[in-house]
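Coordinate analysis (summary)
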Amino acid sequence: ESDAGDYTCVCGDKQSTASLAVHALPVVFKEELKNEEVSEGASVSLHCELSKEAPVQWKIGSKVLKASDKYQMSQHGTTAELVIRDLDVKDA
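The shown structure was predicted, so the numbers you read here are calculated from the model rather than taken from an experiment.

**Observations concerning the pairing of strand β8 (residues 79-84)**
Bridge analysis of strand β4 (residues 44-50) against β8 gives six bridges, and the strand direction is antiparallel. In the sheet register, Cys48 faces β8, and the bridge partner there is Ala80. Alignment of strand β7 (residues 71-76) against β8, held across six bridges, turns out to be antiparallel. Note that in β8 the partner of His76 across the bridge is Thr79. Linkage of β7 to β8, two consecutive antiparallel strands, is achieved through a turn of two residues, within which Gly77 is found at a positive phi near 60°.

**Details of the pairing of strand β1 (residues 5-11)**
Of all the seven residues making up β1, zero are buried; the element is thus mostly uncovered. The pairing of β1 with strand β2 (residues 14-20) spans seven bridges and is classified as antiparallel. When the bridges of β2 are listed, Gly5 appears paired with Leu20.

**Here we look at the pattern of salt bridges**
Inspection of every chain in the model, using the stated rule, returns four salt bridges. With its nearest N and O atoms 3.6 Å apart, the salt bridge here joins Asp88 to Lys90. A relative accessible area of 33% means that Asp88 is categorised as partly exposed.

**A short note on the sheet that holds strand β3 (residues 29-31)**
The strands making up a sheet associate through hydrogen bonds between their backbones, and the pairing can be parallel or antiparallel. On the basis of which strands lie adjacent, the open sheet formed by four strands has the order β3-β4-β8-β7 and antiparallel pairing. At either end of the open sheet lies a strand with only one pairing partner, and these are β3 and β7. Recorded for the sheet is a direction-independent mean angle of 25° between the axes of neighbouring strands.

The rules behind these values
- Residues numbered from 1 in each chain as written.
- Predicted model: local features only at pLDDT ≥ 70, side-chain atom pairs only at ≥ 80, totals over all residues.
- Heavy atoms only, no water.
- Pairing = 2+ DSSP bridges.
- Helix = DSSP H or I, 4+ residues; strand = E, 2+ residues; numbered from the N terminus.
- Buried < 20%, exposed > 50% of the residue type's maximum accessible area, 1.4 Å probe, protein only.
- Salt bridge = Lys/Arg side-chain N within 4 Å of Asp/Glu carboxyl O.
- Axes fitted to C-alpha atoms, helices over the stretch in contact; angles between N-to-C directions.

Put into structure tokens, the structure is as follows:
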């Protein structure tokens, strides 16, 4: 629900109206992804924190990742996490 709109103050038969516009702040990273070095066959968790809740998309290079047995994505509030299982050298 948006707080933008026309607000009116009424006193008897008199009234005053004002229009309120609310500008959305851009989403920024409060905590960025960190580089990781992990052994082959292990799992790794990558996570970042946003300044406000917003949908994220995970990629490797230009390829968009889809949830699978290998890639597990979750988002709790402003924190987004990607878990990569059973790492292979080609996952670097």
